[in-house]
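Observations on the model geometry
Spelled out, the chains give:
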Amino acid sequence: MRILIIEDDKEAASYLVKAFREAGHVADHAADGLDGYAMAEAGDYDVLVVDRMLPKLDGLSLIRSLREQKVETPVLILSALGQVDDRVKGLRAGGDDYLPKPYAFSELLARVEVLARRRSTAPNAEPTVYRIADLELDRLSHRVTRSGQEIVLQPREFRLLEYLMKNASQVVTRTMLLEHVWDYHFDPQTNVIDVHVSRLRAKIDKGFDKPLIHTIRGAGYMVRVGAEGDEE
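Residues numbered from 1 in each chain as written. Predicted model: local features only at pLDDT ≥ 70, side-chain atom pairs only at ≥ 80, totals over all residues. Heavy atoms only, no water.

- In the nomenclature of an unreviewed UniProt entry, the chain corresponds to Two-component system OmpR family response regulator from the organism Microvirga flocculans.

Focus on the packing of aromatic side chains
- Considering all chains together, one arrives at 2 aromatic pairs under this definition.
- Look at Y15 and F105: their rings are 6.2 Å apart centre to centre, the planes differ by 80°, and that puts the pair in the edge-to-face class. Of this pair, Y15 sits in helix α1 (residues 10-22) while F105 sits in helix α5 (residues 105-120), and the two are 90 residues apart along the sequence.
- You can call Y15 partly exposed: its relative accessible area is 47%.
- Residue F105 is classed as buried on the basis of its relative accessible area, which comes to 14%.
- With a centroid separation of 5.0 Å and 70° between ring planes, the pair formed by F20 and F105 is classed as edge-to-face. Remark: F105 occurs in helix α5 and F20 occurs in helix α1; sequence separation between them is 85 residues. The residues F20 and F105 share a single accessibility class, namely buried.
- Members of the aromatic cluster, each reached through a chain of ring pairs, are Y15, F20 and F105. (Phe/Tyr/Trp six-rings, centres within 6.5 Å; stacked < 30°, edge-to-face > 60°. Helix = DSSP H or I, 4+ residues; strand = E, 2+ residues; numbered from the N terminus. Buried < 20%, exposed > 50% of the residue type's maximum accessible area, 1.4 Å probe, protein only.)

A few points about the environment of L161
- Considering the arrangement of structural elements, one finds L161 in helix α6 (residues 155-166).
- The contact partners of L161, leaving out residues within four places of it in the chain, are L135, L137, V144, L153, L200 and I204. (Contact = heavy atoms within 4.5 Å.)

Remarks on the side chain of T215
- Along the chain, the position of T215 falls in strand β10 (residues 213-216).
- Reaching out from T215, the side chain makes a polar contact with the side chain of R201 at a distance of 2.7 Å. (Polar contact = N/O pair within 3.5 Å; in protein donor to acceptor, adjacent residues only side chain to side chain.)

Regarding the nonpolar core
- Ranked by size, the top nonpolar core spans 28 residues in total, and within it V144, L161 and L177 carry the most contacts.
- Of all elements in the fold, only β6 (129-132), β7 (135-138), α6, α7 (174-180), α8 (192-204) and β11 (220-223) reach the threshold of two or more residues within this core.
- Per-element accounting of this core gives the leading share, 6 residues, to α6.
- Sequence-distant contacts of V144, that is, excluding residues within four places in its chain, are made with L135, E136, L137, Q149, E150, I151, L153, F158, L161 and I204. (Core = buried A, V, L, I, M, F, W, Y, C linked by side-chain atoms within 4.5 Å.)

Structural notes on the sheet that holds β7
- Across the sheet, which stays open at both edges, the 4 strands sit in the order β6-β7-β8-β9 with antiparallel pairing between neighbours. Of all the strands in the sheet, the pair left with one neighbour each is β6 and β9 (149-151). Within this sheet the neighbouring strands show an average axis-to-axis angle of 20°, counted without direction.
- Relative to β9, strand β8 (residues 143-146) runs antiparallel, the two sharing 3 bridges. Residue pairing for β9: V144 is matched across the bridge by I151.
- With respect to the sheet, α6 is in contact with β6, β7 and β8, its orientation differing from that of β7 by roughly 115°. (Pairing = 2+ DSSP bridges. Axes fitted to C-alpha atoms, helices over the stretch in contact; angles between N-to-C directions.)

Observations concerning the pattern of salt bridges
- Evaluated as defined, the whole model comprises 15 salt bridges.
- One salt bridge connects R139 with E162, and the closest N-O pair in it is separated by 2.9 Å. Highlighted residues: R139 in the loop between β7 and β8 and E162 in helix α6, separated in sequence by 23 residues.
- The exposure class assigned to R139 is buried, which follows from its relative accessible area of 10%.
- With relative accessibility at 14%, the residue E162 sits in the buried group.
- Among the charged side chains, a salt-bridge network with shared partners connects E7, D51 and K101. (Salt bridge = Lys/Arg side-chain N within 4 Å of Asp/Glu carboxyl O.)

This is the structure in structure tokens:
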């Protein structure tokens with residue numbers, strides 16, 4: 001999942017970003033309501049986690065503005081205000097769920113997963129399962145199989161494979177991988193991508209007749225059936 005956390009408390013935001021990433025998800029952060037609104041409107045997120053009390057633009061106003069602009073991304077509101085009236089106001093502003101502080105991350109994660117699952121059943125939603133030949137990736141359960149055999153991947157390997165399969169039969173450049181899998185918006189000048197692709201290839205293709213992960217000369221990588229013109 002791609003999750004946007006809109007939270008002005010630096011310590012709380014840092015904890016959430018780290019926890020979501022350790023759970024295998026992509027997590028971005030905005031420190032105030034205006035930045036959060038801009039990122040939510042422009043970004044392709046599965047769920048927004050929004051603190052109610054934000055500088056520059058409060059959480060409820062942010063949500064109302066997004067709904068007015070037809071941004072239907074599910075929103076989970078976090079707030080120290082946990083009375084019934086507070087929760088009702090949050091839901092009526094356009095929130096999809098409301099979790100009072102303090103909370104356990106395990107519950108927050110479960111609620112976010114539920115919101116993402118609901119969205120995945122909506123018309124024109126992004127599929128929750130990707131399939132290429134005999135390779136299958138389940139985005140919700142984080143399960144990967146090939147020819148029915150389960151393949152255990154590390155969180156970064158899963159994100160890498162997920163992005164490649166999402167863009168199956170298309171060239172995925174190094175820049176695209178750095179931005180969408182590593183959350184880098186600069187080139188760190190390392191071979192981190194090559195190392196991870198090599199490890200992923202060893203798990204996905206080794207022992208199978210047809211390779212699915214290919215290197216495209218001078219361009220990047222691609223998941224597809226067939227290897228004509230590839231540099232292995």
